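A closer look at the structure
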Amino acid sequence: GGVDLSDTVQAARAIDEAAAHFAQLDILVNIAGAFSYETVSEGDPKTWQRLYTINVLTALNASRAAIPHLVRSGAGRIINIGAMGALQAGAGMGPYAASKAGVHRLTETLAAELKGKVTVNAVLPSTIDTPANRRDMPEADFAAWVTADELANVILFLASDAASAVTGALLPVRGRV
């Protein structure tokens, strides 16, 4: 079954089970996320809560559960998925941008708190080339977007030994936007 990472107990159980299964935990990539486009005046305040829950609380709960394992590893990494849209929000981007800004601040806070023990960084993609985004924005220039492979390569770099001195970074991954 699925795991609700917004629930602290379920998140801790899932992280502990993964660490036990693999005998250790070196890397946590917080990829749970959601997007919604709606204006402040016509939107629903519940959207703000939903996006905060999915985008911020899942990363918080998974990170808190993973910290002891990552510290023990000696090469621990947390990589969060932020968003370019959180740096400069446009019309209809309020709930999404605010929640992703929360991910950015969580990244910075964890990096400071875990300095010398675990690196904590975030990638900030522009629009990712996914089937859902193509469906929602059929008139867009898909070639300008960040591909999933391009984003994965940046995440793999941050997880690697080559990035052992990088922490607290909010790394833009703009693609060709």
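Provided above is the structure to which this section pertains.
Scoring rules and cut-offs
- Residues numbered from 1 in each chain as written.
- Predicted model: local features only at pLDDT ≥ 70, side-chain atom pairs only at ≥ 80, totals over all residues.
- Heavy atoms only, no water.
- Helix = DSSP H or I, 4+ residues; strand = E, 2+ residues; numbered from the N terminus.
- Expected span 1.5 Å × (residues − 1).
- Buried < 20%, exposed > 50% of the residue type's maximum accessible area, 1.4 Å probe, protein only.
- Arc of directions from axis to C-beta.
- Polar contact = N/O pair within 3.5 Å; in protein donor to acceptor, adjacent residues only side chain to side chain.
- Salt bridge = Lys/Arg side-chain N within 4 Å of Asp/Glu carboxyl O.

Despite not being glycine, A23 has its phi angle at roughly 70 degrees, a positive value. Residue placement: A23 occurs in the loop between α1 (8-22) and β1 (27-30).

Between its terminal C-alpha atoms α1 stretches 21 Å, which fits the 21 Å expected from 15 residues at 1.5 Å a residue. All buried positions along α1 are accounted for by A11, I15 and A19. Considered in projection along α1, the buried side chains sweep an arc of 60 degrees and stay on one side of the axis. Relative to its buried face, α1 has exposed residues pointing more than 90 degrees away, namely V9, E17, A20 and H21. Sitting at the amino-terminal end of α1 is D7, which places a side-chain oxygen 3.0 Å from the backbone nitrogen of V9. Following α1 by one or two positions, A23 has its phi on the positive side, about 70 degrees.

Overall, the coordinates contain four salt bridges when judged by the stated rule. Across the pair R134 and D129 runs a salt bridge whose closest N-O atoms are separated by 2.6 Å. Taking the shortest distance from any N to any O, the salt bridge between E150 and R176 comes out at 3.0 Å. Of the two residues, E150 is situated in helix α5 (residues 148-159) and R176 in the segment after β4 (170-173); the sequence distance between them amounts to 26 residues. Residue classification places E150 among the partly exposed residues on the basis of a relative accessible area of 28%.

Function-wise, these values are silent; they only describe arrangement.
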